[in-house]
Amino acid sequence: MAAVAAAQQHLSGGDSLILQGIRNGNQALSSKLDSKTTEINQSISGLKSMLDKLSSRVTEAEDRIGTAEDKSRVVKLRKENGEGRPA
């Protein structure tokens, strides 16, 4: 009987070591996930900033193109109407 009790205590201790190992592994994994999540969030933030700047530049370019097209149309219409002078 004493041998059985000793074996059960030994197994309980083994279970405890296994559980502690699992907890340690979970903590390490959680720490790595937190670190990677932070890196991903920083990358996304940088990409968002670049995208905002690019969007602003595209809008500015579209405005300039629109203005140039409008001026071109005015010149063309003036020529068609015989005015001949560019705006």
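The structure displayed is predicted, hence computed values, not measured ones. (Residues numbered from 1 in each chain as written. Predicted model: local features only at pLDDT ≥ 70, side-chain atom pairs only at ≥ 80, totals over all residues. Heavy atoms only, no water.)

## Topic: the overall build of the chain
And then number 1: If you tally the helices and strands in the chain, you get 1 helix and 0 strands.
And then number 2: Counting every position in the chain, which comprises 87 residues, the buried fraction comes to 0%. (Helix = DSSP H or I, 4+ residues; strand = E, 2+ residues; numbered from the N terminus. Buried < 20%, exposed > 50% of the residue type's maximum accessible area, 1.4 Å probe, protein only.)

## Focus: the pattern of salt bridges
And then number 1: Tallying each qualifying case throughout the model produces 4 salt bridges.
And then number 2: Here E39 and K36 are joined by a salt bridge, their closest N and O atoms 3.9 Å apart. Of this pair, E39 and K36 both sit in helix α1 (residues 2–80), 3 residues apart, which is roughly one turn of that helix.
And then number 3: Judged by its relative accessible area of 49%, K36 is partly exposed. (Salt bridge = Lys/Arg side-chain N within 4 Å of Asp/Glu carboxyl O.)

## As for the UniProt feature "coiled-coil region" (unreviewed entry) in the chain
And then number 1: The residues that UniProt annotates with the feature "coiled-coil region" (unreviewed entry) are residues 44–71.
And then number 2: Spanning residues 44–71, this segment combines 100% helix with 0% strand, and its end C-alpha atoms are found 40 Å apart. (UniProt positions renumbered as here; feature names shortened; annotations may be inferred.)

## Structural notes on a nonpolar patch on the surface
And then number 1: On the surface, a nonpolar cluster with roughly 280 Å² of combined accessible area is contributed by I18, L19 and I22.
And then number 2: By secondary structure assignment, the location of L19 is in helix α1.
And then number 3: Accessibility expressed as a relative area gives 44% for L19, which makes it partly exposed. (Patch = residues over 30% accessible without salt bridge, like charges linked within 9 Å, V, L, I, M, F, W, Y side chains within 5 Å. Areas by Shrake-Rupley, 256 points an atom, 1.4 Å probe, with all protein chains shown as cover.)

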